[in-house]
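# Topology and contacts: notes
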Amino acid sequence: MYRCKSGKHWWLNKEDAEKCCNGYKLMLCIGDIQGCHITVYEDETETMYGYKWVPSFSEGNADKRKVKSVTPFLE
Ligand SMILES: [Zn+2]
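What comes next concerns the included structure.

What counts, and at which threshold
- Residues numbered from 1 in each chain as written.
- Predicted model: local features only at pLDDT ≥ 70, side-chain atom pairs only at ≥ 80, totals over all residues.
- Helix = DSSP H or I, 4+ residues; strand = E, 2+ residues; numbered from the N terminus.
- Buried ≥ 20, exposed ≤ 12 C-beta atoms within 10 Å, placed from the backbone.
- Contact = placed C-beta atoms within 7 Å.
- Pairing = 2+ DSSP bridges.
- Axes fitted to C-alpha atoms, helices over the stretch in contact; angles between N-to-C directions.

### Structural notes on the overall build of the protein
A count of helical and extended segments in the protein gives two helices and five strands. In the protein, the order of α-helices and β-strands from amino to carboxyl end is β-β-α-β-β-β-α. With 75 residues in all, the protein has 11% of them scored as buried. Excluding contacts between residues fewer than 6 apart, the proportion of contacts in the protein whose partners are at least 24 apart in sequence is 32%.

### Brief notes about the pairing of strand 5 (residues 47–55)
In terms of strand pairing, strand 3 (residues 24–30) meets strand 5 through seven bridges, oriented antiparallel. Counterpart to Cys29 in the pairing with strand 5 is Gly50. Pairing between strand 4 (residues 38–42) and strand 5: five bridges, direction antiparallel. Within the sheet, the bridge partner assigned to Tyr41 lies in strand 5 and is Met48. Linkage of strand 4 to strand 5, two consecutive antiparallel strands, is achieved through a turn of four residues, within which Glu46 is found at a positive phi near 50°.

### Quick look at the sheet that holds strand 3
Within the open sheet, the three strands sit side by side as 3-5-4. Their pairing is antiparallel. At either margin of the open sheet sits one strand with a lone partner, and together these are strand 3 and strand 4. If you compare each strand with its neighbour and ignore which way they point, the axes differ by 25° on average.

### With respect to the environment of Asp16
Mapped onto the secondary structure, Asp16 falls in helix 1 (residues 14–19). Spatially, the C-alpha atom of Asp16 lies 7.8 Å from that of Cys4, the residues being twelve residues apart in sequence.

### What about the environment of His9?
By secondary structure assignment, the location of His9 is in the loop between strand 1 (2–3) and strand 2 (10–11). You can call His9 partly exposed: it has 17 C-beta atoms within 10 Å. In sequence terms His9 and Cys20 are eleven residues apart; their C-alpha atoms lie 7.8 Å from each other.

### Remarks on unusual backbone geometry
Although it is not a glycine, Cys21 sits at a positive phi angle of roughly 60°. The residue Cys21 is located in the loop between helix 1 and strand 3 in this model. Note on Cys21: 21 C-beta atoms within 10 Å, which makes it buried. For Glu46, which is not glycine, the phi dihedral falls at a positive 50°.

Below is the structure:
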């Protein structure tokens, strides 16, 4: 496990850890998952979706939202 720059989040791979809290945020992509490195197929709705890192220009207290957006379907 790798810890991100802020030390608040843990990631399974190093690239994610390097981007997290370090100028990038995860963006949800539904349908078009090109470029997404985290992809999920949801059987119920037969939908492919994924997340990709995009440069984040909003700093501050975006941390909590970021983490929540990673696991909306697992709760
Ligand atoms: Zn982080």
